[in-house]
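An overview of the molecular structure
For reference, the chains in residue letters:
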Amino acid sequence: MIRQELVARQLEERIAAHFEVGRRLRVLDVGLSDGAQALRLARWGHEVTGLEADPQKLAAVDAALEQEPEGIRARFRALAGSGQDTGAHFLPGAFDVVLCHDVLDQARDPDSTLAGLARVLDDGGLLSLVIPNVTARAMRPGLAGDWQAARAALTAEPAEGERFLRLETLTSFLSRIGVPMERWYGVGVFGAGGAPTGAASAAGGASAAGGAETAEAPDGTDTAQAAHTADTANTANPDTVDEAAVDAEERAGRLDPYRGVAPSLHLFGVRS
């Protein structure tokens, strides 16, 4: 899916910038979901540990892992647990890279979850966060012509959790816990990272790719389901990535003002 590919390429870029080529990294993925990012890192040669609280998702990851070569299976372990459980499972400084993708907005206590992730990150380690862009929730329904949903998003009082997920709030908090923000990207500026948009959406199709988000759109639509449906309808082969779309999304995700209106943000912090 395009969204997964964007996140993976952004992650690969930051890993290449921070670690020497060929180094086998210790990676923790909190909230494995389908395990796509974690398995990709294991295929690159890294030692990967995943935490997943949903037993069905954990079983699906285990089943997918069984299809991998023995060398990859040996570098990958999946454990039952959530971002709240890192202190129970791991020692301080246990990982070089920590992923927390589409999880923080669902966490009961996101600040303590982040502090726990910082604790298990080694000095110089890389923290990768993917979060919903809560300051641009009106963009997708507005582009789709759903004016009622757009107005609701514009006028709604932000929930306490959404205040924490604002970019400026997270930037400040990451600095306080010793993982200052190093770079951030937009994901899906033109619709490849979220629910279908624009005229294509009205026609029943869109150039969108799904993700692991489970939050609802302002009109009550499950954005992950909408994105998955659009991606399935628009892609004959789910393993084939539209390189033209990825290229445009990659470029826009780096540039202002485009990245600021993406449905998701990809943040990177470095353990100091």
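Keep in mind that what you see is a predicted model, and the values were worked out from it rather than measured. (Residues numbered from 1 in each chain as written. Predicted model: local features only at pLDDT ≥ 70, side-chain atom pairs only at ≥ 80, totals over all residues. Heavy atoms only, no water.)

A word on the nonpolar core. Judged by nonpolar contacts, the single largest core of 29 residues is most densely connected at L28, V98, L114, L127, L170 and L267. Contributing elements (two or more residues each) for this core: β1 (26-30), β4 (95-101), α6 (110-120), β5 (121-132), α10 (167-176) and β7 (264-270). The next biggest cluster of nonpolar side chains, apart from the first, holds 22 residues, and it includes F19, V97, L99 and L126. (Core = buried A, V, L, I, M, F, W, Y, C linked by side-chain atoms within 4.5 Å. Buried < 20%, exposed > 50% of the residue type's maximum accessible area, 1.4 Å probe, protein only. Helix = DSSP H or I, 4+ residues; strand = E, 2+ residues; numbered from the N terminus.)

Turning our eyes to something else, we now look at the packing of aromatic side chains. Under the criterion given, the structure shown has three aromatic pairs. Ring geometry for F90 and F95: centres 5.0 Å apart, planes at 85°, overall edge-to-face. Here the two residues F90 and F95 agree in accessibility, since each one is buried. Measuring from centroid to centroid gives 5.3 Å for F164 and F173, while their planes differ by 70°, and the two rings are edge-to-face. (Phe/Tyr/Trp six-rings, centres within 6.5 Å; stacked < 30°, edge-to-face > 60°.)

Taken together, the side chains of F190, L255 and Y258 make up a nonpolar region of the molecular surface, amounting to roughly 310 Å² of accessible area. Mapped onto the elements of the fold, Y258 is located in the loop between α13 (243-252) and β7. Residue classification places Y258 among the partly exposed residues on the basis of a relative accessible area of 42%. (Patch = residues over 30% accessible without salt bridge, like charges linked within 9 Å, V, L, I, M, F, W, Y side chains within 5 Å. Areas by Shrake-Rupley, 256 points an atom, 1.4 Å probe, with all protein chains shown as cover. Salt bridge = Lys/Arg side-chain N within 4 Å of Asp/Glu carboxyl O.)

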